[in-house]
Structure formats: structure tokens, C-alpha cells
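Per-entry structural report
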Amino acid sequence: MNIFEKLSKLDRRWVFLILAVVVIIALLVDFKTPLRINKEVQSVYDFMEALEPGDYIQMSIDYDPGTIAEMHPMTYAILEQAFKKDVKVIITALSINGPGMAEKAMLDIMDSVRILYGKELVYGEDVAFLGYKPYPGIVILSMGQNYRISFPQDYYGTPVDDLPIMKGIINYDDVKGVILITGTSGVDFWISYANGRYDVELAVGLTGVMAADYYQYLRSGQIFGLMGGMLGAAEYELLVKKPGPAMEAMKVQVWAHIVIIVFIIIGNIGYFISRRKGGVS
Amino acid sequence: MESEWRIFLWTTLSVGLTLSVFSFLYKDNPFYRFTESLYVGIATGYMTIILWYTGLLPTLIDRIWIGQPWWQFWGGKWWYIFPGILGLMMWFRFSKKKAWLSRYPIAFYIGISMGAAIPLEMKNRVNEQLFNTFISPDFSAMAGGFWNGISEIIIIIGVLTGLFYFFFSVPHKGVFGTVAKVGIYTLMIGFGASFGYTVMGRISLFIQRVQTIRDWASTGIEGGGGMSAIVWIFVLFIVLLVLIEMIRHMRKKPTEAV
């Protein structure tokens, strides 16, 4: 048994350990990874930049704590960009664990905008969080008629009509677009129902696992932008010139991917050697 | 100050639970099992409360029962009692004799979903995709130039050959074999892209947890030093796992001797 055959039979726990060591060392060492902005991420940024103060957008924060690594950086970057430009944001959450994520992101960014830019954002005037409602398909369809059908009250129990930000805001026609940050299959509902039924301008931020499956909607124009996983989040952080956890994570990603590729190559060499010897049918 | 301590305690708990979950990568152990049970319990409780306060209470109970006075429940939108009854009928699934009653609400639900979904799904997932795949390649500078045209040709070829791979009415031999082979390569490229993104996604989760541990360590050490702390935490964690393994080994020995 040669070295490649031995390595191909390596206990997987060694792979985990080596990967953990590489990730920790890569976080220790200070270096930068070059990033190229893809046009699907650029178009989300361009859309946000083209908004005028007082314009409205809707953000649907539909992810769970399990995907905050990829989703939170996107949400934070876009929310901050919107608040900096005095764009009014209506936040909804159509994933059951989304409300906690959405509320944390909203409060964190309201705080950081106050500290960094001296802007005192007022809940109800600059931003509203309508909360969570089950059955995303039905909720998305109902918001196309009137936000008040599914969300008569906001997350905190205030009637939506008592929020100054919601005065004159009836449905999707009154917002410039919807930015959906999701780690769930709810994105299909948004594409089919919001864009398909109401022609909503829709951009999506997806987990890495999902991203490859949604590029066809970009090509068909059913979505105008796509941020895929940590890479998409890092590109957006670069665009808004706000290096954050996603950009830091990308330098680690490079080394982690190298380790995985090396193990795949070793495993394959071991497999082919074994097959040549007749060990593997 | 008190709030800082509170944050530190919560993040410490979060770090402890994270390490407990990671310990499963080595071997199943009591730390992992405790954390798993804790997670399932908390998640179920949280979801139940969220569904109660955002679904059942405002959309059903508050509409039927206005609550002032408590017995005047007919004062609200009493007709909401009918969907309420339909919802309750779902519970008959647990009865062997009356299970048929649960079919009525399911029929309503599926009927409404089908009515809403079929036309829109057909339009958006089939027609739109079909029309936008088989467009004539655009080589103009406005569309993206020469490479855009090439990319569109590759997409058309990829879609056609990929579909042909699943067409079994003719044997995949000769020209058809070559077309099917191009199809399978196209599918493999697609799976490869998905796999690459998936790896990135999984590594991202791990990196985020390491970043959390580092940030937690930084809050506990005046003036930072989070990264050196993380190395020590990592080493301690490995030592802990080795100790658990040794204790287990020592406990096993007497049994084996018997």
C-alpha cells in the first residue's frame, strides 16, 4: 500500500482537524484576497445607488440562525446603504426564525448609523418591521393587494396605519423593489408570485448551497440581481466600501478550498491506483 | 457594565454550545447530545410561540372574539369560525375512525394552492424559462459583445443536450451517444458549480463560528488578543476530547476483562 492509497483511506477526522487548523491559521495571518465584482452583485448595488432619498424598498429577511454566516453580512450592508441614503425600508420576515434575525439586523444598523454617521433614525418613520406571517406564498400574494391584509399590525403590535412610514403605502406598486435575503425555498414563491404576478423588481441574496440553482432567473430577467453565499456578501461589502466579516472570511475560504481540493486529488489518485490493482471494482 | 456582563455570559454559553456541537466531528458524546436536545427543544418552543402570536391569535382568535366582555365572542368577525373549524378538523388525522374528516381541510388547502400556483408556476418556471433560453444569440456590444453571444449558444446547446440525456426512446449510440455525452458533461458542470457553492457555504458556517469564538475571546481579554485565545481554546478543546476518550477507554477495560 503506497502513500496515496493510505491517504485515500485516511480517517475523516484528520481531514476535519487539518481543515480546522488551516481555518484558524488563515484567520491569524493578515493578508488580503483579491475580489472581482460580478455583474449580478453590481446590479443590486447600482439599484440601491440609483434610489433617491424618500424612496421605499422592501426587504424580506427570510433566514434562520443556521445561515447567518452568509446572510447577515448581506443584510447589514444593504440596510446600512439604504439608511445612509435616507431610503425608507419596510422589513418583513416570511421564515419562522426570520423575525429574530430581522430585528437584530435592524436595531444593530440603526445603532451603527447613529454612531458612524450621526443619523438618528426613527422607527416608524424611516423603517418599519412588519413581522412574520406563515405561508409565504399566500402572504406574498396578499402583499400585492395590500400590506395590511397580512400585516394589519407591525412586529411590535402597532397598527400599520399608525406608522408614519406606511402612510400612502398600499402594496408593491409603492416600493421601488424588493430585496430578498433568504436561506429557504421561499425564494420560489417570491419569483413566481411577486415577480410573476405583480412584476415586482426583485433581487435576491441566497446561501451558497442555493445560488447555482437561481442563475437562470437572472438571465430571464425575473430577478435583476443575485448575491450568492459568502462570496456575494463579500463583493457587496467591497462595493459599499465597508469591509466586514464576509470579506475577512473570503481569505480563509481560499485556504480551506485549497485543502479540500488537495484531499480530493489525493483521494482520486488513491482510488485510481487501487482500481488499477483491482482493489476497487 | 451589567449589560456587558450579560452579553459576555450569553456569548460564553454560545461558544460552549458551539464547541459541544463540533465535538460530534470527533465522536458522539454527551456534550453533543445535550446541545442537540437543547436546540430541538428551544427551536420547537420558539416556533410554537411565534406561530401562536403571529398566526393563530391575530388572524383567528382576535378576529372572532373581541374579548370585551369575554363572553361576547360573536361580536367580531364570527365567520372566521369556519376556517377555524377546518383547522381543527386537521387533528382528526390522529383518529383511525375519523381520519377521513381531515381530508376536507386538506382538499381546501390543496385546491386554493393549486389555483394560485399552477398558472403562475407555468408562466414563470416553464414559459419564461423556455422563451429566455431559446433567444437568438446577441453578439452586439450593448448585450455584452462576442462572448455574450458565445455564452448564449453554449446555454442553448447545454439545455438541449442535457434534456436529450434523459430521452430514452432512442438508444444512446453513434450521434445520439455523442449528444447524450455532451449532455452528461453539461450536467456534471452544473453539479460541480452547485458542489463548489455548497462547500463554500459549509466552510462559511464554520468560519463564522470561529469568528464568533474569536470575538468572544476578545471581549474577555483587555486590549484584544482574541486570536491567541482562540488557539488556546482550540488546544484545550482537543485535550478535553482526548481526556473523554481516555476515561471511556479506562471504563471499558474492566468490562472487557469480565
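This brings us to the interface of chain A and chain B. With 56 residues of chain A at the contact, the number on the chain B side is 51 residues. Buried surface at the junction of chain A and chain B, summed over both partners, amounts to about 4500 Å²; 65% is from carbon and sulfur atoms. Sorting the residues of chain A by area buried against chain B places A:Ile24, A:Ile96 and A:Arg219 first, and these three jointly supply 14% of that buried surface. Put simply, chain A and chain B have three salt bridges between them. Salt-bridge contacts for B:Arg125 lead to A:Asp188; the nearest nitrogen and oxygen are separated by 3.1 Å. Linking chain A to chain B there are 18 residue pairs in polar contact (both at pLDDT 80 or more). Among the elements of the structure, helix H2 (12–28), helix H4 (68–84), helix H5 (98–117), helix H8 (186–198), helix H9 (208–211), helix H10 (215–219), helix H11 (229–239) and helix H12 (245–276) of chain A are those that each provide at least two residues to the side of chain A that touches chain B. Tallying contributions element by element places H2(A) first for the side of chain A that touches chain B, with 10 residues. Of the residues in the side of chain A that touches chain B, the class split is 34 nonpolar, 14 polar and eight charged.

Quick look at the domain arrangement of chain B now. Segmenting chain B into domains produces domain 1 (1–76), domain 2 (82–133), domain 3 (143–205) and domain 4 (221–258). Relative placement of domain 2 of chain B and domain 3 of chain B: their C-alpha centres are 34 Å apart.

As enumerated under the stated definition, the model contains 14 salt bridges over all chains in all. As a salt-bridge pair, B:Glu121 and B:Arg125 come within 2.5 Å of each other at their nearest N and O atoms. Residue B:Glu121 and its partner B:Arg125 are both found in helix H4 (residues 103–133); the two are separated by four residues, about one turn of the helix. Its relative accessible area of 32% is what places B:Arg125 among the partly exposed residues. Among the charged side chains, a salt-bridge network with shared partners connects A:Asp111, A:Arg114 and A:Glu120.

Right, let's talk about the packing of aromatic side chains for a bit. Going through the model one piece at a time under the given rule, you end up with 20 aromatic pairs over all chains. Taken together, the ring pairs in this structure connect A:Tyr123, A:Phe129, A:Tyr155 and A:Tyr156 into an aromatic cluster.

The next thing to look at is the environment of B:Ser23. All names here are of chain B. Positionally, Ser23 belongs in the loop between helix H1 (2–22) and helix H2 (30–64). The class of Ser23 is buried, set by a relative accessible area of 2%. With 218 residues separating them in the primary sequence, Ser23 and Leu241 have C-alpha atoms 7.5 Å apart. Sequence-distant contacts of Ser23, defined by excluding residues within four places in its chain, comprise Asn29, Phe31, Tyr32, Phe237 and Leu241.

All names here are of chain A. Counting 62 residues, the largest nonpolar core has Ile57, Ile179 and Tyr236 as the members making the most contacts within it. Shared between two domains, this core takes at least three residues from each, and those domains are domain 1 (3–30 + 252–276) and domain 2 (39–243). Not counting residues within four places of it along the chain, the set of residues in contact with Ile179 comprises Val44, Phe47, Met48, Ile57, Gln58, Met59, Ser60, Ile78 and Ala203. In terms of nonpolar packing, the next biggest core, distinct from the first, is built from 40 residues, Ile140, Val160, Val204 and Leu226 among them.

With that settled, consider the domain arrangement of chain A. Many descriptions give the size of an interface as the accessible area lost when the pieces come together. Partitioning chain A into domains gives domain 1 (3–30 + 252–276) and domain 2 (39–243). Using C-alpha coordinates to define each centre, domain 1 of chain A is positioned 38 Å away from domain 2 of chain A.

Rules of the game
Residues numbered from 1 in each chain as written. Chains lettered and ligands numbered in written order. Predicted model: local features only at pLDDT ≥ 70, side-chain atom pairs only at ≥ 80, totals over all residues. Heavy atoms only, no water. Contact = heavy atoms within 4.5 Å. Buried area = accessible area lost by both parts, 1.4 Å probe. Salt bridge = Lys/Arg side-chain N within 4 Å of Asp/Glu carboxyl O. Polar contact = N/O pair within 3.5 Å; in protein donor to acceptor, adjacent residues only side chain to side chain. Helix = DSSP H or I, 4+ residues; strand = E, 2+ residues; numbered from the N terminus. Nonpolar A, V, L, I, M, F, W, Y, C, P; charged D, E, K, R; others polar. Domains from an automatic or database assignment. Buried < 20%, exposed > 50% of the residue type's maximum accessible area, 1.4 Å probe, protein only. Phe/Tyr/Trp six-rings, centres within 6.5 Å; stacked < 30°, edge-to-face > 60°. Core = buried A, V, L, I, M, F, W, Y, C linked by side-chain atoms within 4.5 Å.

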